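A structural walkthrough
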Amino acid sequence: DDNEILTMFSGSGGEQDWVGLYRESLLTNLPLIPETNVMEEWYFICGSTDDCVNWPLRGAIRFSMDALQPGIEYRVVMANGEALPTLATSEVFRLEDGCGQLGPPVAPPG
């Protein structure tokens, strides 16, 4: 679908892993992520927001672009349950730029 962002992942740790879409401005302390629910959208790696029967090691998650705004920077994050830090993050992207690929966790600045 042209109105979706497709995020591919592999090497998942399994149970309770999820993928979420954040505004980059809220991710001020990567690889740590905010403990409050400030994501634009999220899914467990099975593609559901309910508990999964199967926890795939690789796959794809589709995010809707309907609520996203041009000019705002976003990042996709993969994490496990409520454990921090992140397992992986995408590059920062804006709708008009296209999307980055999910990659290794971002090292903290400094």
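Described below are features of the structure shown in this document. Everything quoted here is computed from the prediction, not taken from an experiment.

With six of seven residues buried, strand β2 (residues 17–23) is to be regarded as a mostly interior element. The sheet contact formed by β2 and strand β5 (residues 74–80) spans seven bridges and is antiparallel. Its bridge partner lying in β5, D17 is registered against N80. The pairing of β2 with strand β3 (residues 41–44) spans four bridges and is antiparallel. Across the sheet, G20 pairs through a bridge with W42, a residue of β3.

Within the largest apolar cluster, 25 residues are counted, with the highest numbers of intra-cluster contacts made by W18, V19, L21, Y22, I33 and F63. Sorting the residues of this core by element identifies β1 (4–10), β2, β3, β4 (58–64) and β5 as the ones contributing at least two each. Setting aside anything within four residues of it in sequence, one finds L21 in contact with M39, E40, E41, F63, L68, Y74, R75, V76 and F93.

Tallied over the entire structure, the rule returns three salt bridges. Salt-bridge contacts for R62 lead to E4; the nearest nitrogen and oxygen are separated by 3.4 Å. Residue R62 is located in strand β4, and its partner E4 is located in strand β1; the two are separated by 58 residues in the primary sequence. Classification of R62 as partly exposed rests on a relative accessible area of 48%. Residue class for E4 comes out partly exposed when judged on its relative accessible area of 29%. For R75, the salt bridge goes to E24, with nearest N and O atoms at 2.8 Å. Of this pair, R75 sits in strand β5 while E24 sits in the loop between β2 and β3, placing them 51 residues apart in sequence. Pair check on accessibility: R75 and E24 agree, each one buried.

Calculation criteria
Residues numbered from 1 in each chain as written. Predicted model: local features only at pLDDT ≥ 70, side-chain atom pairs only at ≥ 80, totals over all residues. Heavy atoms only, no water. Buried < 20%, exposed > 50% of the residue type's maximum accessible area, 1.4 Å probe, protein only. Helix = DSSP H or I, 4+ residues; strand = E, 2+ residues; numbered from the N terminus. Pairing = 2+ DSSP bridges. Core = buried A, V, L, I, M, F, W, Y, C linked by side-chain atoms within 4.5 Å. Contact = heavy atoms within 4.5 Å. Salt bridge = Lys/Arg side-chain N within 4 Å of Asp/Glu carboxyl O.

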